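One-letter residues, chain by chain:
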Amino acid sequence: MLFNSLPFLVFFPVVTGLYFVLPHRFRWLLLLLASCVFYMYFRPIYILILFFTIIIDYFAGIWIENAPENKRRLYLIMSLVANIGVLAFFKYFNFLAENFNLLFSFLETPAKIPLLEILLPIGLSFHTFQAMSYTIEVYRGNQKAEKHFGIYALYVMYWPQLVAGPIERPQNVLHQFHRKFVFNYEGAVTGLQLMLWGFFKKVVIADRLAIYVNDVFGQPQNHTGLPLVIATIFFSFQIYCDFSGYSDIAIGASRMMGIDLMTNFRRPYFSKNISEFWSRWHISLSTWFRDYLYIPLGGNRVSTGRLYFNLFFVFLISGIWHGANYTFIIWGGLHGIYLIFALITKSGRDKINEAIGLKKLPKLSNALAVLTTFVLAAVAWVFFRAKNVGDAFYIISHFHVNLSQHISDVFSSVEARQKMLYIGNSAILFWAGVVSIFVLLTIENVMERATSLGLAIRRQPKYIRWSLYFSVTILIILFGEFNESAFIYFQF
């Protein structure tokens, strides 16, 4: 079920209302049944995959906790193999088969692996990683095995974050399903605020920018210069507003029921370097890879060469996690290269900044750092969005082609603006997208200073607060794209 759909407008108030009407001992059952309905709305049969991994991990957790040391590792491996096996089959089988078939063709051998007609289950990577974190934490002794099967199933299937995160840890969530919660007005208000902001980011910003992005990235060879640059910038904000919008709605909806989910985004385009970017972007995934892959590999407590390998390997796996396509692998690898290059050049860059006096101008220095980080992230996003590697390299290699001429023309010619800026769409559509980006950045700048959007709003008088809620709602109604487009990260 999509958050930006009419069925959700019925589903959410009904489930939330029943949650507070029912006695505490039945609430877990309501949330579990609601989660089943929410997930089965996409493709009912795939709920069996969830049940399969839930049953395995539920018993694996109990066995890991009670088994002697020599068997605990065996049960953990059993759980991880089951989860990774399901993920690999549905997400990567055809990708691997296609590559092996290319190899067989190159070697001129008759062997060929048949491709399967399988549809990737919605959010498979998300709930798989969440399930894996449970058995790993039980194995490490950081989490007691959950004996209540229904509560454990709810941990994996909890509807607000089931299909696109945040990827939670058992220490944060499991005990909350046991806790009795009484309706809290302030929690409900802040939850609704966050949901409203998430809907604004999704339907007003992301889905509106998507129209321009889809036109350009759909046929990039039809464009050079300015349209490619604009589409890349637009996509950078589209994917951020799409994904963080989902997270805001999920966290806000969960907060209404007294269950706190972790923050998944923290204004990443205000980052001053790529390392900071990853401490602000998809935090639940970046910390997952940090805790369960990067640190076990040795983290930064290793030799310099091994440190570079660890960084590159983790980001390469992050790219593979996102999808079975070389575009995602290159995207992940690029971020690994960015981090390694930053470490190698740090001393030299500090000396240059010192020599030219940039350190004496902190505001300018910070602005340049933020801009540079955004540009690096945007270039990597080209690979994330492009249909294939060829399209991605075409876009990047044609950013500069006729760019200066395009910029000059759009200031002097209506026809040039129609061709280069609006690309056949209305001028209102384009400028609404531009304005929405500035609105986003303005609000997030306030949030940077006020710690959170809710805190910034609560500081205002009541008439300002309610005027703001009303204005945002009207903006969503007037300028939102209500085509029930799926969230980008549903494909992962």
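Attention here is on the structure that accompanies the text. (Residues numbered from 1 in each chain as written. Predicted model: local features only at pLDDT ≥ 70, side-chain atom pairs only at ≥ 80, totals over all residues. Heavy atoms only, no water.)

Here's the deal with the overall build of the protein chain
In terms of regular secondary structure, the protein chain is built from 20 helices and zero strands. Relative to the globule expectation of 23 Å for 492 residues, the C-alpha radius of gyration of the protein chain, 24 Å, shows essentially globular dimensions. Once the C-alpha set of the protein chain is aligned to its principal axes, its extents read approximately 70 × 70 × 50 Å. Residue burial in the protein chain is summarised as follows: out of 492 residues, 52% are buried. If you average the places of the 40 positive and of the 26 negative side-chain charges in the protein chain, the two averages end up 8 Å apart. (Helix = DSSP H or I, 4+ residues; strand = E, 2+ residues; numbered from the N terminus. Rg over C-alpha atoms; globule rule 2.2 N^0.38 Å. Buried < 20%, exposed > 50% of the residue type's maximum accessible area, 1.4 Å probe, protein only. Lys, Arg positive; Asp, Glu negative; His and termini not counted. Charge placed at Lys NZ, Arg CZ, Asp CG, Glu CD.)

Re the packing of aromatic side chains
One pass over the full model with this rule turns up 65 aromatic pairs. With 5.7 Å between their ring centres and 45° between their planes, Phe 11 and Phe 38 make a pair best called tilted. Placement of Phe 11 in helix α1 (residues 6-21) and of Phe 38 in helix α2 (residues 24-40) is noted, with a sequence separation of 27 residues between them. By relative accessible area, Phe 38 is classed as buried at 0%. Both rings, one in Phe 11 and one in Trp 159, keep their centres 5.1 Å apart while their planes meet at 90°; by these two values the pair is edge-to-face. In this pair, Phe 11 is assigned in helix α1 and Trp 159 in the loop between α6 (149-157) and α7 (170-178), connecting sequence segments 148 residues apart. Just as Phe 11 is buried, Trp 159 falls in that class too. Sitting over the ring of Tyr 19, Arg 27 keeps its end group 4.7 Å from the ring centre. Between the NZ or CZ atom of Lys 91 and the centre of the ring of Trp 321, over which it lies, the distance is 5.3 Å. (Phe/Tyr/Trp six-rings, centres within 6.5 Å; stacked < 30°, edge-to-face > 60°. Lys NZ or Arg CZ within 6 Å of the ring centre and 35° of its normal.)

Quick look at unusual backbone geometry
We note that Glu 108 has phi near 60°; this positive angle belongs to a residue other than glycine. Mapped onto the elements of the fold, Glu 108 is located in the loop between α4 (69-106) and α5 (124-140). Residue Glu 108 is classed as exposed on the basis of its relative accessible area, which comes to 74%. Backbone geometry at Asn 402 places phi at a positive 65°, although glycine is not the residue there. In this fold, Asn 402 is placed in the loop between α15 (389-397) and α16 (403-412).

Focus on the packing of helix α3 (residues 47-66) against α5
A packed helix pair is summarised by two numbers, namely the angle formed by the two axes and the spacing between the axes. Taken N-terminus to C-terminus, the directions of α3 and α5 make an angle of 10°; their axes are 9 Å apart at the nearest point. Considered as vectors, α3 and α5 are oriented roughly parallel to each other. Across the interface between the two elements, Ile 49, Leu 50, Asp 57, Ala 60, Gly 61, Ile 64 and Glu 65 from α3 touch Leu 124, His 127, Ala 131, Tyr 134, Thr 135, Val 138 and Tyr 139 from α5. Residues belonging to the contact of α3 with α5 are distributed by class as follows: nine nonpolar, three polar and two charged. (Axes fitted to C-alpha atoms, helices over the stretch in contact; angles between N-to-C directions. Parallel < 35°, antiparallel > 145°, perpendicular 65-115°, else oblique. Contact = heavy atoms within 4.5 Å. Nonpolar A, V, L, I, M, F, W, Y, C, P; charged D, E, K, R; others polar.)

Remarks on α4
Relative to the 56 Å expected for 38 residues at 1.5 Å per residue, α4 spans just 48 Å between its end C-alpha atoms, considerably shorter than the ideal helical length. At Tyr 92, α4 shows its largest kink, close to 60°. Downstream of α4 by one or two residues, Glu 108 has phi in the positive range, about 60°. (Expected span 1.5 Å × (residues − 1). Bend = angle between axes of the 7 residues up to and from the residue.)

Focus: the pattern of salt bridges
Inspection of every chain in the model, using the stated rule, returns ten salt bridges. Asp 350 is paired through a salt bridge with Lys 346; the nearest N and O atoms lie 3.0 Å apart. Residue Asp 350 and its partner Lys 346 are both found in helix α13 (residues 326-355); the two are separated by four residues, about one turn of the helix. Overall, Asp 350 belongs to the partly exposed group, its relative accessible area being 27%. Between Glu 354 and Lys 359 there is a salt bridge, and its shortest N-O distance comes to 3.9 Å. The exposure class assigned to Lys 359 is partly exposed, which follows from its relative accessible area of 48%. Sharing partners across several salt bridges, the network here consists of Arg 169, Arg 290 and Asp 291. (Salt bridge = Lys/Arg side-chain N within 4 Å of Asp/Glu carboxyl O.)

As for helix α20 (residues 462-479)
Counting along an α-helix, one turn takes 3.6 residues, and residues three or four places apart therefore face a common direction. Between the first and last C-alpha of α20 there are 25 Å, a value that for 18 residues agrees with the 26 Å anticipated at 1.5 Å per step. Every buried residue of α20 is listed here: Tyr 469, Val 472 and Ile 476. An end-on view of α20 places all buried positions within 65° of arc, on one side of the element. Across from the buried face of α20, at angles greater than 90 degrees, the exposed residues are Tyr 463, Phe 470, Ile 477 and Leu 478. (Arc of directions from axis to C-beta.)

Digging into the packing of α2 against α3
Packing of α2 against α3 brings their axes to within 10 Å, and their N-to-C directions diverge by 135°. Put simply, α2 runs oblique to α3. Between α2 and α3, the residues in contact are Cys 36, Tyr 39 and Met 40 and Ile 47, Leu 50 and Phe 51, respectively. Its residues placed into classes, the contact of α2 with α3 shows six nonpolar, no polar and no charged.

Section: a nonpolar patch on the surface
Among the surface-exposed residues, Ile 45, Leu 48, Phe 51, Ile 55, Phe 59, Trp 63, Met 78 and Phe 149 lie close enough to one another that they form a single nonpolar patch of about 730 Å² accessible area. Looking at the nonpolar patch, the element that brings in the most residues is α3, giving five residues. With respect to the helices and strands, Phe 51 occurs in helix α3. (Patch = residues over 30% accessible without salt bridge, like charges linked within 9 Å, V, L, I, M, F, W, Y side chains within 5 Å. Areas by Shrake-Rupley, 256 points an atom, 1.4 Å probe, with all protein chains shown as cover.)

Describing the environment of Pro 114
Secondary-structure assignment places Pro 114 in the loop between α4 and α5. Judged by its relative accessible area of 57%, Pro 114 falls in the exposed class. Measuring from C-alpha to C-alpha, the distance between Pro 114 and Ala 97 comes to 7.3 Å, with 17 residues separating the pair along the chain.

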